[in-house]
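Structural description and commentary
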Amino acid sequence: TFLVKNKSSYHEISPGREKKRLQRQSSGSVYSSIHGFSQEEIKEKLLAFPGGSIDLLKQDSGIAVLTINNPPRMNAFSGAMMVDLEEKVTQLENWTDGKGVIVQGAAQTFCSGSDLNAVRAMSNSQDGMKMCMFMQNTLTRLLRLPLISVALVEGNALGGGAELTTACDFRLMASGSVIQFVHKHMGLVPGWGGAARLVTLVGSRNALKLLGGAVKVDSELGVHIGLADGVLKVDLDAARAETGLQQAESWLSQYTKGPAPVIKAVKKVVLSGRELSLSDALRTEKDIFGSVWGGPANLQALASKSKHK
Ligand SMILES: CCC(=O)SCCNC(=O)CCNC(=O)[C@H](O)C(C)(C)COP(=O)(O)OP(=O)(O)OC[C@H]1O[C@@H](n2cnc3c(N)ncnc32)[C@H](O)[C@@H]1OP(=O)(O)O
């Protein structure tokens, strides 16, 4: 009963609003001081909830692995982990040689959302909204990285964990894994930007079903509605078995072969097409084209008279 989406929708906004939106986009974030948002104030509040870490491994292949690491709480996000994620996203923004990133959870499960202990302690609406603004900024910057990103979903991606999967360009699901927007069962709706991104990914009718029914999306349903981009095989012969991470790396490497400036340019033209009005996307595409035209990879390809048979 789910729709298979293959078309994006567009809407018009005024030139003034578009200019402001583009200015915010150039810094990568959604909220700043003009929205009454203080990054430092909310960071201080979040750091009162310790536990877990976000680990970043940058590899020579140009593919980084970002690990949500809090196994005693099924990789739930403590406040300190939210702050840690923002720092790791900054490091990825500045990674010149980077081409891709895989977001995974430690210990074969993805992420069970917000740490419910922190949620209980921050239950007033103002604090909740500040936490949302912080996470929306970070996850928007994650999605806007000039790197091709993949969420490797093993085990459960629940609540904020499900929202995190939508902040990547692609999702690969291990068989037996589940993405579930459990927010309704918690008397909530997504607030880390997960609803807006879900609508873009699967369309508004499927999004309404997933959120309204708190539907457990397994790998089969995920692929059917376009939420998942592939299913990872579980090989019962342990000696031959590739780990989920190895499978995700080889899947991603199909799209990251080649020099970093070219792969970054590929991501940037797609990002501008995804986020900007057509006129702005075309102008941005021209600028990005100019950054690779006559560059080392282009000159080398011309010199070698490459054929594309
Ligand atoms: C942005 C909005 C949000 O994200 S709201 C949070 C939405 N997430 C949830 O409600 C997840 C609640 N947890 C669960 O449903 C289950 O724990 C899941 C993840 C399915 C795992 O079940 P099961 O394999 O039986 O393990 P378990 O329940 O014994 O959990 C192991 C320990 O982990 C903990 N845990 C789990 N999730 C969280 C969480 N979100 N925040 C804090 N702690 C969490 C459990 O409490 C349990 O801890 P303990 O061993 O009892 O000390």
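Everything quoted here is computed from the prediction, not taken from an experiment. (Residues numbered from 1 in each chain as written. Predicted model: local features only at pLDDT ≥ 70, side-chain atom pairs only at ≥ 80, totals over all residues. Heavy atoms only, no water.)

1. Considering the overall build of the chain
- Regarding its fold elements, the chain presents 13 helices and nine strands.
- Projected onto the principal axes, the alpha-carbon positions of the chain cover approximately 60 × 60 × 40 Å.
- Expressed as a percentage of the 309 residues in the chain, the buried residues total 45%.
- Across the chain, contacts joining residues at least 24 apart in sequence account for 74% of those joining residues at least 6 apart.
- Each charge class in the chain can be summarised by its mean position, and for the 35 positive and 28 negative side chains these summaries are 7 Å apart. (Helix = DSSP H or I, 4+ residues; strand = E, 2+ residues; numbered from the N terminus. Buried < 20%, exposed > 50% of the residue type's maximum accessible area, 1.4 Å probe, protein only. Contact = heavy atoms within 4.5 Å. Lys, Arg positive; Asp, Glu negative; His and termini not counted. Charge placed at Lys NZ, Arg CZ, Asp CG, Glu CD.)

2. A short note on the site of the ligand
- Taken together, 16 residues surround the ligand, and among them Pro72, Ser112, Ser114, Leu116 and Gly160 come closest.
- Interatomic distance of 2.8 Å between a backbone N/O atom of Ser114 and an oxygen atom of the ligand.
- At 2.9 Å from a nitrogen atom of the ligand is found a main-chain nitrogen or oxygen belonging to Leu116.
- In isolation the ligand exposes 950 Å². Once the protein is present, 56% of that is buried.
- Across the shell around the ligand, the residue classes break down as eight nonpolar, six polar and two charged. (Near = heavy atom within 4 Å. Polar contact = N/O pair within 3.5 Å; in protein donor to acceptor, adjacent residues only side chain to side chain. Areas by Shrake-Rupley, 256 points an atom, 1.4 Å probe, with all protein chains shown as cover. Nonpolar A, V, L, I, M, F, W, Y, C, P; charged D, E, K, R; others polar.)

3. Focus on the sheet that holds strand E1 (residues 53-58)
- Sheet architecture is open: six strands sit in the order E1-E2-E3-E4-E6-E9, paired in mixed fashion. Sheet topology places E1 and strand E9 (230-232) at the edges, where each strand pairs with a single neighbour. Averaged over all pairs of adjacent strands, the angle between strand axes in this sheet comes to 25°, irrespective of strand direction.
- Relative to E9, strand E6 (residues 170-174) runs parallel, the two sharing three bridges. Considered in E9, the bridge of Ala174 is made with Leu232. (Pairing = 2+ DSSP bridges. Axes fitted to C-alpha atoms, helices over the stretch in contact; angles between N-to-C directions.)

4. Focus: empty space enclosed by the protein
- The final tally for this structure, using the stated rule, is one cavity of 30 Å³ or more.
- Taken together, Leu46, Phe49, Gly79, Met82, Ser114, Ala118, Val119, Met122 and Met131 make up the full set of residues lining the largest cavity.
- Here the residues of the lining of the largest cavity sort into seven nonpolar, two polar and no charged. (1 Å grid on protein atoms, 1.4 Å probe; cavity = no way out; pocket = protein on both sides within 12 Å on 5 of 7 lines; lining within 4 Å. Points joined across faces, edges and corners; volume = space filled by probe spheres on them.)

5. What to know about the pattern of salt bridges
- According to the stated counting rule, one finds 13 salt bridges in the structure shown.
- For the salt bridge of Lys43 with Glu86, the shortest nitrogen-to-oxygen distance reads 3.5 Å. Pair noted here: Lys43 is in helix H2 (residues 39-46) and Glu86 is in helix H3 (residues 79-93), with a separation of 43 residues, a long-range link. Here Lys43 matches Glu86 in class, with each residue buried.
- Residue Asp127 pairs with Lys45 through a salt bridge whose shortest N-O separation is 3.1 Å. With Asp127 in helix H5 (residues 125-143) and Lys45 in helix H2, this pair connects stretches of sequence that are 82 residues apart.
- The buried category is assigned to Asp127, whose relative accessible area is 12%.
- According to the relative accessible area criterion, Lys45 is partly exposed, its value standing at 31%. (Salt bridge = Lys/Arg side-chain N within 4 Å of Asp/Glu carboxyl O.)

6. Side note on the nonpolar core
- With 50 residues, the main nonpolar core has Phe77, Met135 and Ile179 as its most contacted residues.
- In contact with Ile179, other than residues within four places in its own chain, are Val153, Ala157, Ala162, Thr165, Met173, Val215, Lys216, Val217 and Leu227.
- Core analysis: the second largest hydrophobic core is formed by 12 residues, Ile148, Leu232, Trp251 and Leu252 among them. (Core = buried A, V, L, I, M, F, W, Y, C linked by side-chain atoms within 4.5 Å.)

7. Let's talk about the side chain of Asn206
- Relative to the elements of secondary structure, Asn206 occurs in helix H8 (residues 204-212).
- Under the relative-accessibility criterion, Asn206 is labelled buried at 0%.
- A polar side-chain atom of Asn206 sits 3.1 Å from the main-chain carbonyl oxygen of Val202.

8. Things to note about the confidence of the model for the chain
- Of the residues in the chain, 90% reach a pLDDT of 70 or more, and the chain-wide mean stands at 92.
- Taken together, the stretch residues 6-13 has pLDDT below 50 and engages in two contacts with residues farther than four places along the chain or on a different chain.
- Note that residues 22-26 has pLDDT below 50 and, in this model, nine contacts with residues that lie over four places away or in other chains.
- For this predicted complex, the interface confidence score (ipTM) comes to 0.99, while the overall pTM stands at 0.92. (pLDDT = per-residue confidence, 0-100.)

9. With respect to the pairing of strand E3 (residues 100-105)
- The buried count for E3 comes to six of six residues, which makes it a mostly enclosed element.
- Covered by surrounding structure in E3 are Gly100, Ile102 and Gln104 together with Val101, Val103 and Gly105, the residues of both alternating faces.
- As defined by bridge partners, strand E2 (residues 63-69) adjoins E3 across six bridges and the pair is classed as parallel. Among the inter-strand pairings, Leu66 is bridged to a residue of E3, identified as Val103.
- As a crossover connection, the stretch from E2 through H3 into E3 is right-handed. (Right-handed = clockwise from strand over helix to strand, strands pointing away.)

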